[in-house]
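So the chains spell out like this:
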Amino acid sequence: KQPVAIIGAGIAGIATAVRLAVAGHAVTVFEAGPSFGGKMHQFSLPGGYRFDAGPSLFTLPQLVDDLFRLAQRNPADYFRYERLDPITHYFFADGTRLTAWAEEGKFAAEIEAKLGVPAAAVHKFLARSARAYEGTAGTFLQKSLHKASTYFSRETLRALAALPALGLLGTMHQRHTSAFSDPRLVQLFDRYATYNGSDPYQAPATLSLIPHLEHGIGAFYPEGGIYSIAASLVRLAEEFGVKFRYNEPVQEILTAGKLVTGLRTALDVYDFGLVVSNMDVVPTYRQLLPTQPAPERTLAQPRSSSALIFYWGIAREFPELDLHNIFFSADYRREFEAIFQEKTVADDVTVYVNITSKKTPADAPPGHENWFVMVNVPHDQGQDWDALTRHTRAIVLRKLSQALGQEIEPLIRAERVWTPPGIAADTSSFGGALYGSSSNNALAAFLRHPNFSGALQGLYFCGGSVHPGGGIPLCLLSARIVADLIDN
Ligand code: FAD
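Since the structure is predicted, the reported quantities are computational estimates derived from the model, not experimental observations. (Residues numbered from 1 in each chain as written. Predicted model: local features only at pLDDT ≥ 70, side-chain atom pairs only at ≥ 80, totals over all residues.)

A. Expanded view of the overall build of the protein. The helix and strand inventory of the protein stands at 17 helices and 20 strands. Against the 2.2 N^0.38 benchmark of 23 Å for 488 residues, the protein shows a C-alpha radius of gyration of 22 Å, consistent with a compact globule. Each of the three principal axes of the protein carries a C-alpha extent, and together these read 65 × 55 × 45 Å. In the protein, once contacts between residues fewer than 6 apart in sequence are set aside, the share between residues at least 24 apart is 70%. (Helix = DSSP H or I, 4+ residues; strand = E, 2+ residues; numbered from the N terminus. Rg over C-alpha atoms; globule rule 2.2 N^0.38 Å. Contact = placed C-beta atoms within 7 Å.)

B. Just the sheet that holds strand 11 (residues 250–256), in detail. Taken together, three strands build an open sheet; the order of strands is 11-12-13 and the sheet is antiparallel. Two strands lie at the open edges of the sheet, namely strand 11 and strand 13 (269–271), each paired on one side alone. Adjacent strand axes in the sheet meet at a mean angle of 25 degrees, parallel and antiparallel pairs treated alike. (Pairing = 2+ DSSP bridges. Axes fitted to C-alpha atoms, helices over the stretch in contact; angles between N-to-C directions.)

C. Up close: the site of the ligand. Taken together, 36 residues lie near the ligand, and G8, G10, A12, G38 and G463 sit nearest. At the level of secondary structure, the elements contributing two or more residues to the shell around the ligand comprise helix 1 (11–22), strand 15 (306–314), helix 15 (420–427) and helix 17 (472–487). Considered class by class, the residues forming the shell around the ligand number 19 nonpolar, 15 polar and two charged. (Near = placed C-beta within 6 Å. Nonpolar A, V, L, I, M, F, W, Y, C, P; charged D, E, K, R; others polar.)

D. Looking closely at helix 17. With 16 residues, helix 17 ought to run about 22 Å at 1.5 Å a step, and its terminal C-alpha atoms sit 23 Å apart, in line with that. Burial within helix 17 is extensive, with 13 of its 16 residues counted as buried. (Expected span 1.5 Å × (residues − 1). Buried ≥ 20, exposed ≤ 12 C-beta atoms within 10 Å, placed from the backbone.)

E. The arrangement of the nonpolar core in detail. Grouped together as the largest cluster of nonpolar side chains are 138 residues, with contacts concentrated most on I11, I14, A17, V18, A230 and L233. For I14, the residues in contact, after removing those within four places along its chain, are A9, F36, A230, L233, V234 and A237. (Core = buried A, V, L, I, M, F, W, Y, C linked by C-beta atoms within 7 Å.)

F. Representation of the confidence of the model for the protein within the structure. For the protein, the average pLDDT comes to 94, and 94% of its residues sit at 70 or higher. Across the whole predicted complex the pTM is 0.96, and at the interface the ipTM reaches 0.99. (pLDDT = per-residue confidence, 0-100.)

G. Fine view of the environment of A424. Here A424 shows up in helix 15. C-beta crowding within 10 Å serves as the criterion here: with 19 such atoms nearby, A424 is assigned to the partly exposed category. Counting along the chain gives 72 residues from A424 to Y352, while the straight-line C-alpha distance between them is 21 Å. For A424, the residues in contact, after removing those within four places along its chain, are D380, S429, F430, G431 and G432.

H. Region of interest: the packing of helix 7 (residues 172–179) against helix 8 (residues 183–190). In the contact formed by helix 7 and helix 8, the axes pass within 9 Å of each other and the chain directions differ by 145 degrees. Read as a crossing pair, helix 7 and helix 8 show a hand that is right-handed. Only V186, F189 and D190 of helix 8 make contact with helix 7, whose side of the interface consists of M172, H173, H176 and T177. For the contact of helix 7 with helix 8, the residue count by class is three nonpolar, three polar and one charged. (Left-handed = near helix turned anticlockwise from the far one by under 90°.)

I. Just the sheet that holds strand 20 (residues 459–461), in detail. Taken in spatial order, the five strands make up an open sheet running 10-2-1-14-20, and their pairing is parallel. This sheet does not close on itself; its edge strands, each paired only once, are strand 10 (243–245) and strand 20. Within this sheet the neighbouring strands show an average axis-to-axis angle of 20 degrees, counted without direction. The sheet contact formed by strand 2 (residues 27–30) and strand 10 spans three bridges and is parallel. Among the inter-strand pairings, V29 is bridged to a residue of strand 10, identified as F244.

J. Representation of helix 9 (residues 210–217) within the structure. Counting buried residues in helix 9 gives six out of eight residues, a clear majority hidden from the surface. Listing the buried residues of helix 9 in full gives I210, P211, H212, L213, E214 and H215. Looking one or two residues beyond helix 9, the residue adopting positive phi is G218, at roughly 125 degrees.

K. Representation of the domain arrangement of the protein within the structure. Domain boundaries assigned for the protein yield domain 1 (4–40 + 60–76 + 223–300 + 443–487), domain 2 (104–144 + 151–193 + 203–217) and domain 3 (305–378 + 381–418). The C-alpha-based centres of domain 1 and domain 3 are spaced at 31 Å. (Domains from an automatic or database assignment.)

As structure tokens, this is what we get:
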């Protein structure tokens, strides 16, 4: 089998390395940064607070288990996780608090008790969400959509034909307003558009399958935090001989005619007939293939949202909070208009607080908590991020202090901020977008960059900026598609 070079040790690059190494390829991963993980890295702040920098919600853990099974290993020897119950604590702007229990009956009963929406309506909606997932995931997520054999397969045509019957025409928000009359429940389900950085008022109703991932299949927490997903897979990859070359950014993909021939890094030149880029697809073309024609229409697709994250060491424990907590804004439509039309941050925002010390007490000193406080914001287009960070920080502090009945700022013992330009600089994500291109258009799935190059033989793409999209599960699926394309 031919040796393979992978550019980037993000979760998709690591998973691709595992798959190809297990299949018998000699794999070398070139990583620009000092360690692995990309957006899924970890860090500590003075005072003993550990943080997962990026992803915090983990669904479809079997996609990680699959990699250990593929390697004939017992997943539990490397990586353990628990199913969350409850999943999320919601705080609405009108003061209503709601707990999203994992068990559907309990969740529906909570919604009936707190919001007055009949439990039957919740069951009906979640059943449709499950059918939408089962009817479309096989086609849109698990294969290379861009090969003619998938495009015109009977399964694809069947999936497309089923959309009207599943109530999946129109936007996500329309889907949710037709299912529920209570605006708070509409807001709760609209929020799932943010799971791939999209706008519920534009994103297609097909994304209403996302709640099924959490409520049907489950939300999970890996022992030791999200970073342990990357760490356990790197351990597996190294057992199969994968070489990780850190602090070695790739500067150019070398070609001869229509063939890929190797890489030039900051340190050396290497021969490779197979190269997989886990770097965002836009800088892959602009920086590593400057003389090749780029697929301009694909690269011009609107980006997903980004995030402003405040990492705070907090000198108190809040028993009313759990691992995942959402504090909703009063006007969700305004929030998304600000992000996607005005490229700014609204005056009221939805705040997500993730506290891993609730599950891993060692992540904060006794009596303290590690707060990952995130607000959805536009990707970087040259905004004044110092001003937007000050603006957002003030709103967040006011909102959390009010909802929790406790001034938060005096409790902050350590702080770091990650902005869209920071995310772009640290991971090469174009504009610091969290999930590559957005899914605000019904055709977005077809317009995302494929997992292979149509112009250069031997060049492949994995990760959140290409098919099937961003987020941990889809990145893992991109790795599976790339490995299949290379070996079949
Ligand atoms: P990335 O993580 O983007 O890594 C790419 C790697 O390539 C980096 O290590 C970079 O240094 C390296 N690289 C780039 N250029 C070069 C070069 N020229 N040479 C060598 N190396 C290079 N997903 C979820 O599923 N759940 C969540 O809750 C969630 N929340 C998120 C919150 C935040 C704040 C962020 C930032 C992301 C979140 N995501 C979430 C999205 C998820 O983190 C990403 O989709 C996923 O981690 C992206 O992985 P990737 O493999 O595409 O690569």
